[in-house]
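# Architecture and fold: a report
If you want the building blocks of each chain, they are given just below.
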Amino acid sequence: MKNCEYQQIDPQALPTPTPTPPPHHGKDTEKKKEPRRPRRKWEVFPGKNRFYCDGRIIVARQSGVLPLTLGLILVTSGLFFIFDCPFLVKHLTSCIPVIGGVLFVFVLITLLQTSFTDPGILPRATPDEAADIEKQIDNTGNTSYRPPPRTKEVLINQQVVKLKYCFTCKMFRPPRTSHCSLCDNCVERFDHHCPWVGNCVGKRNYRFFYTFIVSLSFLTAFIFGCVTTHLALRAQGGKGLVFALQESPGSAVELVICFFSVWSILGLSGFHTYLVASNLTTNEDIKGSWSGKSGEDVTNPYSQKNIFINCCSVLCVPMPPSLIDRRGFLPTDESAQTGSADIELPTLAAKSEINVTKPESVPPCVSDHPVLTHCSLCGVSLCLRPSTNTRRRSVWTLLCPALAD
Amino acid sequence: MHIEGYIALFWDSLKRYYINPYCITLSLSELRHSASLANKVFIQRDYSEGTTCKFQTKFPSELESRIERTLFEDTVKTLNNYYAEAEKIGGQSYLEGCLACATAYLIFLCMETRYEKVLKKIAKYIQEQNEKIYAPRGLLITDPIERGMRVIEISIYEDRGSSGSSSGSSSVSGSTAR
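The rules behind the values
Residues numbered from 1 in each chain as written. Chains lettered and ligands numbered in written order. Predicted model: local features only at pLDDT ≥ 70, side-chain atom pairs only at ≥ 80, totals over all residues. Heavy atoms only, no water. Helix = DSSP H or I, 4+ residues; strand = E, 2+ residues; numbered from the N terminus. Buried < 20%, exposed > 50% of the residue type's maximum accessible area, 1.4 Å probe, protein only. Contact = heavy atoms within 4.5 Å. Areas by Shrake-Rupley, 256 points an atom, 1.4 Å probe, with all protein chains shown as cover. UniProt positions renumbered as here; feature names shortened; annotations may be inferred. Core = buried A, V, L, I, M, F, W, Y, C linked by side-chain atoms within 4.5 Å. Pairing = 2+ DSSP bridges. Axes fitted to C-alpha atoms, helices over the stretch in contact; angles between N-to-C directions. Parallel < 35°, antiparallel > 145°, perpendicular 65-115°, else oblique. Nonpolar A, V, L, I, M, F, W, Y, C, P; charged D, E, K, R; others polar. pLDDT = per-residue confidence, 0-100. Phe/Tyr/Trp six-rings, centres within 6.5 Å; stacked < 30°, edge-to-face > 60°. Lys NZ or Arg CZ within 6 Å of the ring centre and 35° of its normal. Disulfide = S-S within 2.5 Å. Expected span 1.5 Å × (residues − 1). Arc of directions from axis to C-beta.

## A closer look at the overall build of chain A
Secondary structure assignment for chain A yields 11 helices and 13 strands. Considering chain A as a whole, with its 405 residues, one finds that 48% of them fall into the buried category. Long-range contacts, defined here as pairs at least 24 residues apart, represent 62% of the contacts in chain A between residues at least 6 apart. A total accessible area of about 20300 Å² is found for chain A, and carbon and sulfur atoms account for 62% of it.

Here it is as structure tokens:
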């Protein structure tokens, strides 16, 4: 194995490595024969999503009312800490701001995770796959008009389930997958598109969403309780509610917001607890897929008939990976003759990236990345992007002798 | 000296992860120089047990002349076992789920999840299978993660005999070692 790797690399064919990339490159880089800097997959993603932080954060194109959600949570919690906590700490206990703080941080983190995580988007079928599926179904070969909707039936746990063909993504949707028209993506275990969160809720972020609404209901109920206690304590001694409200106007705002939101959020939490316990999605519940409305004997084939097991299989299943590989590099088109093609291999999202190139050319990304080095021994160009795993970065500089300066 | 021996040991294990893709790339280009892509076979998912990741073990007719049925079925069954291991719900996954919930799921940002660890094993296994079994028969398996876990794509190469220009089939992707 060792001999194989070294023989295949011809040291004579290696270029002189550029020790440092040119600090300033103007328009002439675009005129060079080498292609532009390698693009990441998120830049050509076909769905209606927006990406930030170089593909690490994904949101739906329409952010919905996410700013309103954030604003309401921040304003209510801010008013709580400013107006109610000092009084309650003096008169009751100092645990109150601690509990409130923990709940607030929990709510904020889970909200951001729900909004910014890939919900389980299925990448669209490659042209070869689509052609293969078409071949299997289409007998006439006439593709000039839109064919009738296609379905495929599968048997899941002795229950017949119809899989629909998605014309946008050109594939048969797996069970429980649905196409979100707002995001223009097929999402696995599609629950619903939540405008409050500004993202779809699907397989990968359902647990964040559930934790968010449960902790938000606790936070809302807690703030509501504290504000009521605060006002009651202030109004003691015959002073009256109006006096209390005048002394602490912020509490009035909080009271109104909490009063109106606590019922809906508690209701939503209860509804989703029911869904989790019976392993259903909102989509299935609304459509009545398993409720047997049509008189047939249909049961939910995904339910394990045990509440605890259902909860665990929804919330405790290992976190599935993101299938769209936002930060992977696009494979560049290969040139026909000299084979100086860049064959870029996609890697796991948010981990370190490596551009492996044929030895003839220094890859174009050298000039773009200030932390890139080119190893003359093995012909590997390493894009050492700052990543969360800084330990791996220093391991490379330590171990490759040519990079060791 | 001690540090150089240490470096050599590390270098060896890293090569297996990072340089090996280069090895596969060249053998791919060798394939391309002497063979052309004839066809692709797609092994679809098997949903009989629900939405867990499992592929059909039905032997496709296009591979009948290329590879023995048992070898193919072994590969698919091993892959299915790996995926089942990744998605297994047991005592450990409950613990991980509860711990993750308690930390507001922030540990997902720091730690590599169990699924990702198994995906690495799968990538290594596929690379090994390609090197030992499939490439000598003119076949190439693509890691399902690159196709959104929908299909296992098997590319069939025909021997051309002459080394002309590469066929420019940029749709073929090599397996990755992560």
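Next comes the rest of the write-up.
## A few points about the overall build of chain B
A tally of regular secondary structure across chain B gives 5 helices and 3 strands. Of all 178 residues assigned to chain B, the portion counted as buried reaches 52%. Here the analysis covers contacts within chain B between residues at least 6 apart in sequence; of these, 69% occur between residues at least 24 apart. When the accessible surface of chain B is totalled, it reaches about 8100 Å², and 55% of it is carbon and sulfur.

## Points about the UniProt feature "transmembrane region" (unreviewed entry) in chain A
Mapped onto this numbering, the UniProt entry annotates "transmembrane region" (unreviewed entry) at residues 65–83, 89–112, 208–233 and 253–277 of chain A. Helix makes up 100% of residues 253–277 of chain A and strand 0%, with an end-to-end C-alpha separation of 36 Å.

## Quick look at the nonpolar core
Core analysis: the largest hydrophobic core is formed by 42 residues, its most contacted members being I73(A), F80(A), V161(A), Y206(A), F209(A), F212(A) and L216(A). Contributions of two or more residues to this core are made by helix 3 (66–91), helix 4 (95–116), strand 4 (151–156), strand 5 (159–166), helix 6 (206–234), helix 8 (249–277) and helix 10 (307–315) of chain A. Judged by nonpolar contacts, the second largest core, of 38 residues, contains F59(B), V76(B), I122(B) and I154(B).

## Some remarks on the sheet that holds strand 5 of chain A
Residues and elements named next belong to chain A. Read from one edge of the open sheet, 3 strands run 4-5-6, paired in antiparallel fashion. Of all the strands in the sheet, just strand 4 and strand 6 (171–172) have a single pairing partner and so form its edges. Across 6 bridges, strand 4 lies against strand 5 in antiparallel orientation. By the bridge assignment for strand 5, K152 is matched with L163.

## Side note on the UniProt feature "domain: Golgin subfamily A member 7/ERF4" (unreviewed entry) in chain B
Feature annotation in UniProt places "domain: Golgin subfamily A member 7/ERF4" (unreviewed entry) on residues 41–153 of chain B, given in this structure's numbering. Measuring from the first to the last C-alpha atom of residues 41–153 of chain B gives 6 Å, for a span that is 49% helix and 8% strand.

## Some points on the side chain of E188(A)
Relative to the assigned elements, E188(A) resides in the loop between strand 8 (185–187) and strand 9 (192–194). Sequence-distant contacts of E188(A), that is, excluding residues within four places in its chain, are made with P119(A), G120(A), L122(A), R176(A), T177(A), G202(A), K203(A) and L323(A).

## Overview of the packing of helix 3 of chain A against helix 4 of chain A
Residue and element names in this part refer to chain A. Here helix 3 crosses helix 4 at 170°, and the two axes come no closer than 10 Å. One finds that helix 3 runs roughly antiparallel with respect to helix 4. Touching L66, T69, L70, I73, L74, S77, F80, F81, C85, L88 and V89 of helix 3 are I96, P97, G100, G101, F104, V107, L108, L111 and S115, all from helix 4. Counted by class, the contact of helix 3 with helix 4 contains 15 nonpolar, 5 polar and no charged residues.

## Brief notes about the confidence of the model for chain B
Residue and element names in this part refer to chain B. For chain B, per-residue confidence averages 76 on the pLDDT scale, and 69% of positions sit at 70 or higher. Taken element by element, chain B is modelled with least confidence in helix 1 (residues 2–34), mean pLDDT 54, and with most confidence in helix 2 (residues 69–86), mean pLDDT 92. Counted against residues more than four places away or in other chains, residues 19–26, with its pLDDT under 50, gives 23 contacts. In the predicted structure, residues 162–178 sits below a pLDDT of 50 and forms 56 contacts with residues beyond four places in sequence or in another chain. Note on the complex model: pTM 0.71, ipTM 0.71.

## A closer look at the packing of aromatic side chains
All names here are of chain A. In the structure shown here, the tally under the stated rule is 18 aromatic pairs over all chains. Ring centres of Y206 and F209 lie 6.5 Å apart, and the angle between their planes is 40°; on these two criteria the pair is classed as tilted. With Y206 and F209 both in helix 6, this residue pair falls 3 residues apart, about one helical turn. An angle of 40° between the planes, with centres 6.2 Å apart, marks the rings of F224 and F259 as tilted. A residue pair is termed long-range when its members are at least 10 positions apart, and F224 in helix 6 and F259 in helix 8 qualify at 35 residues. One cation-aromatic arrangement involves K152 over F172; the distance from NZ or CZ to the ring centre is 4.9 Å. Here R189 stacks its cationic end above the ring of Y206, 5.4 Å away from the centre of that ring.

## Regarding the state of the cysteines
According to the stated counting rule, one finds 0 disulfides over all chains in the structure shown. As a non-bridged cysteine, C85(A) has C226(A) as the owner of its nearest cysteine sulfur, 7.1 Å distant.

## Some thoughts on the pairing of strand 5 of chain A
Hairpin connection, strand 4 of chain A to strand 5 of chain A: the antiparallel pair is bridged by 2 residues, and N157(A) has positive phi, about 50°. Counting the residues in the hairpin turn of strand 5 of chain A and strand 6 of chain A gives 4 residues, including K170(A), whose phi is positive at 60°.

## What about the sheet that holds strand 3 (residues 121–122) of chain A?
All names here are of chain A. The antiparallel open sheet is built from 3 strands, whose spatial order is 3-8-7. In this open sheet, the two edge strands, each paired with only one partner strand, are strand 3 and strand 7 (178–180). The sheet contact formed by strand 7 and strand 8 spans 3 bridges and is antiparallel. What sits directly across from H179, in strand 8, is C186.

## Re the UniProt feature "domain: Palmitoyltransferase DHHC" (unreviewed entry) in chain A
According to UniProt, the "domain: Palmitoyltransferase DHHC" (unreviewed entry) feature falls on residues 162–287 of chain A. Each end of residues 162–287 of chain A is marked by a C-alpha atom, and these two atoms are 14 Å apart; helix forms 56% of the span and strand 15%.

## Overview of helix 2 of chain B
Helical geometry note: an α-helix holds 3.6 residues per turn, so side chains three or four residues apart project in the same direction. Residue and element names in this part refer to chain B. Taking 1.5 Å as the rise per residue, helix 2 with 18 residues should run 26 Å; its terminal C-alpha atoms sit 26 Å apart, in good agreement. For helix 2, every residue scored as buried is listed here: F72, T75, V76, L79, N80, Y82, Y83 and A86. For helix 2, the angular spread of the buried residues around the axis is 160°, confining them to a single face. Exposed side of helix 2, more than 90 degrees from the buried face: T70 and N81 are the residues found there.

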